[in-house]
Amino acid sequence: MSGELTDETLSRTPTQKLIQKPTQKPAQKPMWKRILQETRTRILLTYALFLLLLSGFSVPAFRYLFFASVNTRVQESIDEEKTAFLEAYNTWEAAPNQNIEDLKAFVDEFLRNARPEDDNFQIVLLEGELYRSNPSFLIAPLRPNSELFNDWLTVTQRVTDEQYVDLPNVGSVLYTANPLFLEGEQRGVFIVAHSTAGERQEALVGGYLFATFILIAVTVSLLISWFAAGRLLSPIVTLSRTARAISESDLTQRISPPRGHNELSELTNTFNAMMDRI
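So, here is what we can say about the structure in this document. (Residues numbered from 1 in each chain as written. Predicted model: local features only at pLDDT ≥ 70, side-chain atom pairs only at ≥ 80, totals over all residues. Heavy atoms only, no water.)

## Topic: the side chain of N134
Part 1 of the reasoning: If you trace the backbone, N134 turns up in strand β2 (residues 129–134).
Part 2 of the reasoning: Judged by relative accessible area, which is 15%, N134 ranks as buried.
Part 3 of the reasoning: There is a polar contact of 3.1 Å between the side chain of N134 and the backbone oxygen of A114.
Part 4 of the reasoning: In contact with N134, not counting residues within four places along its chain, are L111, A114, P116, N120, F121 and Q122. (Helix = DSSP H or I, 4+ residues; strand = E, 2+ residues; numbered from the N terminus. Buried < 20%, exposed > 50% of the residue type's maximum accessible area, 1.4 Å probe, protein only. Polar contact = N/O pair within 3.5 Å; in protein donor to acceptor, adjacent residues only side chain to side chain. Contact = heavy atoms within 4.5 Å.)

## Details of a negative patch on the surface
Part 1 of the reasoning: Judged by side-chain charge, E76, E80, E117, D118, D119 and E202 come together as a negatively charged surface patch.
Part 2 of the reasoning: Along the chain, the position of E117 falls in the loop between α4 (100–113) and β1 (120–126).
Part 3 of the reasoning: For E117, a relative accessible area of 46% corresponds to the partly exposed category. (Patch = residues over 30% accessible without salt bridge, like charges linked within 9 Å, V, L, I, M, F, W, Y side chains within 5 Å. Areas by Shrake-Rupley, 256 points an atom, 1.4 Å probe, with all protein chains shown as cover. Salt bridge = Lys/Arg side-chain N within 4 Å of Asp/Glu carboxyl O. Lys, Arg positive; Asp, Glu negative; His and termini not counted. Charge placed at Lys NZ, Arg CZ, Asp CG, Glu CD.)

## A short note on the sheet that holds strand β4 (residues 172–182)
Part 1 of the reasoning: If you walk across this open sheet you meet the five strands as β2-β1-β5-β4-β3, and the pairing is antiparallel. Each edge of the sheet is formed by a strand with only one pairing partner; in this case those strands are β2 and β3 (159–164). When strand polarity is set aside, the average angle formed by the axes of neighbouring strands in this sheet is 25°.
Part 2 of the reasoning: One ladder, built from six bridges, connects β3 with β4; its direction is antiparallel. Within β4, the position partnered with D161 by the bridge is Y175. (Pairing = 2+ DSSP bridges. Axes fitted to C-alpha atoms, helices over the stretch in contact; angles between N-to-C directions.)

## Remarks on the layout of surface pockets
If you roll a probe as big as a water molecule over the atoms, it shows you where there is empty space left.
Part 1 of the reasoning: Of the pockets and cavities examined, the largest pocket occupies roughly 680 Å³.
Part 2 of the reasoning: Considering only residue class, the lining of the largest pocket consists of 17 nonpolar, four polar and one charged.
Part 3 of the reasoning: Quantified by volume, the second largest pocket comes out at close to 370 Å³.
Part 4 of the reasoning: In terms of lining, the second largest pocket is formed by M31, R34, I35, Q37, E38, I236, V237, S240, R241 and R244.
Part 5 of the reasoning: Elements supplying a minimum of two residues to the lining of the second largest pocket: α2 (31–37) and α7 (234–245).
Part 6 of the reasoning: Here the lining of the second largest pocket gets five residues from one element, more than from any other, and that element is α7. (1 Å grid on protein atoms, 1.4 Å probe; cavity = no way out; pocket = protein on both sides within 12 Å on 5 of 7 lines; lining within 4 Å. Points joined across faces, edges and corners; volume = space filled by probe spheres on them. Nonpolar A, V, L, I, M, F, W, Y, C, P; charged D, E, K, R; others polar.)

Printed below as a string of structure tokens:
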């Protein structure tokens, strides 16, 4: 009968029940994926992202402050050279019976002995024309018939200003212009001008070197922190491995708590206490 159990069936059935399919271990992830999924890696990546965002806001501010500092220093040198000229000019003008030829002689002597700072230009306009400059070679924006030169020809009172120039080797021109009077009549203009390209280029190079040093220092710090975080979080890794190793027949395994009283030692002690109660 179909409902009867034969000897063959009885002998086979228990064996079939005991046979279990071998469990397959989950495929091991590549090392780079495991590293990216580690808690310490995520913490440090978050920290690195924060630093990048902070740097993105800091670089423009740093550049602005650096350029402002350069402009302040340049303006101080311009004011010093202007003051030196005007003091000498006022002393010369106080003498009686001065004429335009005497003024030219004074300008020749002063500019011949003057030592302008780097990228500074001392320029004297007389009778609506360029009379003399120190250094004698002028960059394009300062030469006769340029826009800035034509503006200086119309100066009737002291002017301090900055003009941007679309030339990479010039940058912008900081200047101060002072009218020169003789016998109560304006006869010329004295200008001290400065091309900012050289100063700002040096500032940018210094900024780039500083940023490179900071980038290297931060990268090394992150790597050291990553390994240090691994040591700090090692009790959690041990806890995970121990929990996987524990079976119904072996409940004796425990985890050595780390030194000190912190979150990790508290977690380890809690786990060990839980295993003691089982």
